[in-house]
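Okay, here's what each chain looks like letter by letter:
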Amino acid sequence: MSEEQPLLLTDLVAHTNQVPARFIRPISDRPNLHEVDKSDTIFPLIDLDGFSGSNPSQIIKEIGEACQTHGFFLVKNHGIEECIINDMLRVSKEFFLLSELERLKNYSSDPLKTTRLSTSFNVNKESISSWRDYLRLHCYPLEDYVHEWPSNPPSFRETVSKYCTNVRGLVLKLLEVISESLGLEKGYMDKALSKQAQHMAINYYPPCPQPELTYGLPGHKDPNALTVLLQDQVPGLQVLFGGKWVTVKPIPGTFVVNIGDQIQVLSNGIYKSILHRALVNSHEERMSIPTFYCPSPDAVIGPAQELVDDHHPAIYKNFTYKEYYELFWNHGLQTESCIDSFRLPA
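Everything numeric here is computed off the predicted structure, so don't read it as measured data.

Draft legend 1. Quick peek at the sheet that holds strand β12 (residues 286-294). Ordered in space as β1-β2-β10-β7-β12-β5-β4-β3, the eight strands form an open sheet in which the pairing is mixed. The open sheet is flanked by β1 (45-47) and β3 (115-119), the only strands paired with a single partner. Taken pair by pair, the neighbouring strands of this sheet meet at an average axis angle of 25 degrees, ignoring direction. Note: strand β7 (residues 226-231) against β12, six bridges, orientation antiparallel. Counterpart to leucine 230 in the pairing with β12 is isoleucine 289. Strands β1, β2 (72-76) and β10 (255-259) of the sheet are contacted by helix α2 (residues 56-69), whose axis makes an angle of about 160 degrees with β1.

Here it is, written out as structure tokens:
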């Protein structure tokens, strides 16, 4: 390999029974697991079957309310077959079970590489690491990237291609619903994202000997437009809601959907991008697969003019997604979103 590599977690875990110093958060920035809301609160679970049925207006209303009050919701009857989901989880796990030598063929700390294996979040910038390995893939337009993806496991490219194509179809449907829920034309969000981009992260969180000292990922807001998350049945995702961290409990056959910073801007602040984080545990590995649907780098993002008037002035100035993402990547995962850098004076 031509670039220096930090030890991947999958290899580190086998040789330690305590969290190395580079992963330990300051006392003021630790999970505080005793403060987590342990109630049965779940986020809105929306049945998309009704959207193509007799009552699409009800689905539009439910998603609009979820975007405004929670920023997160779950969807079922989304049209993606169970076998496609199961195959995606299977091949993802198979990748992380490969030998270190085989996995490291995909390693890079260069964020410009469109297919890369790495660890933590941004190893070039951060001072404290997160307890995560991940495989990052660009996947739209599919034909531009699939040849870069790992060829091992042998079924990886075919399986992931099928999965991300299906998820893109779901995202486009959701963007239509979100547009209509704001009173915009159903194609508004689709057009606002310009040529569009789709990325995927296959996150692997191995068991952690001292989970109270670190994070899988610390609290952050997503920089993209919309995120569709497939998680296995091990809890770990938490959302800050009502001043408390609430676990989004895995429900078989569902996806977790959350609003990113770009839809917050396009909606002129009506819909909110919400803080969320990933915890780890001491006894089980966890996998999560978020699909990030983004504007193309040259897309100009700003509040929809239909949502701006004398009583509702524009909150944000216009910017390109490239300009925004570069700021986010250098800013790192922090509880304060860099979206505030684009706010207009009150």
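Draft legend 2. Representation of the layout of surface pockets within the structure. Empty space within the largest pocket amounts to approximately 1000 Å³. If you trace the largest pocket, you find 48 residues lining it, with Arg136, His199, Pro223, Phe292 and Tyr325 closest to the centre. Mapped onto the lining of the largest pocket, the elements with two or more residues apiece are β4 (133-140), β5 (197-205), β6 (217-220), β7, β10, β11 (276-278), β12 and α9 (321-331). With seven residues, α9 is the largest single contributor of residues to the lining of the largest pocket. Per-class residue counts for the lining of the largest pocket are 27 nonpolar, twelve polar and nine charged.

Draft legend 3. Fine view of the packing of aromatic side chains. Taken as a whole and judged by the stated rule, the model has 13 aromatic pairs. Ring centres 5.0 Å apart and planes at 65 degrees place the aromatic pair phenylalanine 23 and tryptophan 131 in the edge-to-face group. In this pair, phenylalanine 23 is assigned in the loop between α1 (9-12) and β1 and tryptophan 131 in the loop between β3 and β4, connecting sequence segments 108 residues apart. With a centroid separation of 5.9 Å and 45 degrees between ring planes, the pair formed by tyrosine 321 and tyrosine 325 is classed as tilted. Of the two residues, tyrosine 321 and tyrosine 325 are both situated in helix α9; the distance of four residues between them amounts to about one turn of the helix. Taking relative accessible area as the criterion, tyrosine 321 reaches 5% and is therefore assigned buried. An aromatic cluster is present here, built from Phe121, Tyr321, Tyr325, Phe328 and Trp329 joined pairwise through their rings. The ring of tyrosine 134 is capped by arginine 132, whose NZ or CZ atom sits 3.9 Å from the centre of that ring. Directly above the aromatic system of tryptophan 245 lies the positively charged group of arginine 277, at a separation of 4.2 Å from the ring centroid.

Draft legend 4. Spotlight on the sheet that holds β11. Across the sheet, which stays open at both edges, the four strands sit in the order β6-β11-β8-β9 with antiparallel pairing between neighbours. Among the strands making up the open sheet, the edge pair consists of β6 and β9 (244-247). Each adjacent strand pair in this sheet contributes to an overall mean axis angle of 20 degrees, direction not counted. Summarising the sheet, strand β8 (residues 237-241) and β11 pair through three bridges and their orientation is antiparallel. Of the residues in β11, the one forming a bridge with valine 239 is histidine 276.

Draft legend 5. Geometry of unusual backbone geometry. For the bond from tyrosine 140 to proline 141, the omega torsion is -5 degrees, close enough to zero to count as cis. Considering the arrangement of structural elements, one finds proline 141 in the loop between β4 and α5 (142-145). At serine 120, a residue that is not glycine, the phi angle is positive and equals roughly 60 degrees. Positionally, serine 120 belongs in the loop between β3 and β4. With a phi angle near 70 degrees, glutamine 196 is a residue other than glycine that sits in the positive phi range. Take glutamine 196: it is sitting in the loop between α7 (188-192) and β5. Its relative accessible area of 7% is what places glutamine 196 among the buried residues.

How each quantity is defined
Residues numbered from 1 in each chain as written. Predicted model: local features only at pLDDT ≥ 70, side-chain atom pairs only at ≥ 80, totals over all residues. Heavy atoms only, no water. Pairing = 2+ DSSP bridges. Helix = DSSP H or I, 4+ residues; strand = E, 2+ residues; numbered from the N terminus. Axes fitted to C-alpha atoms, helices over the stretch in contact; angles between N-to-C directions. Contact = heavy atoms within 4.5 Å. 1 Å grid on protein atoms, 1.4 Å probe; cavity = no way out; pocket = protein on both sides within 12 Å on 5 of 7 lines; lining within 4 Å. Points joined across faces, edges and corners; volume = space filled by probe spheres on them. Nonpolar A, V, L, I, M, F, W, Y, C, P; charged D, E, K, R; others polar. Phe/Tyr/Trp six-rings, centres within 6.5 Å; stacked < 30°, edge-to-face > 60°. Buried < 20%, exposed > 50% of the residue type's maximum accessible area, 1.4 Å probe, protein only. Lys NZ or Arg CZ within 6 Å of the ring centre and 35° of its normal.

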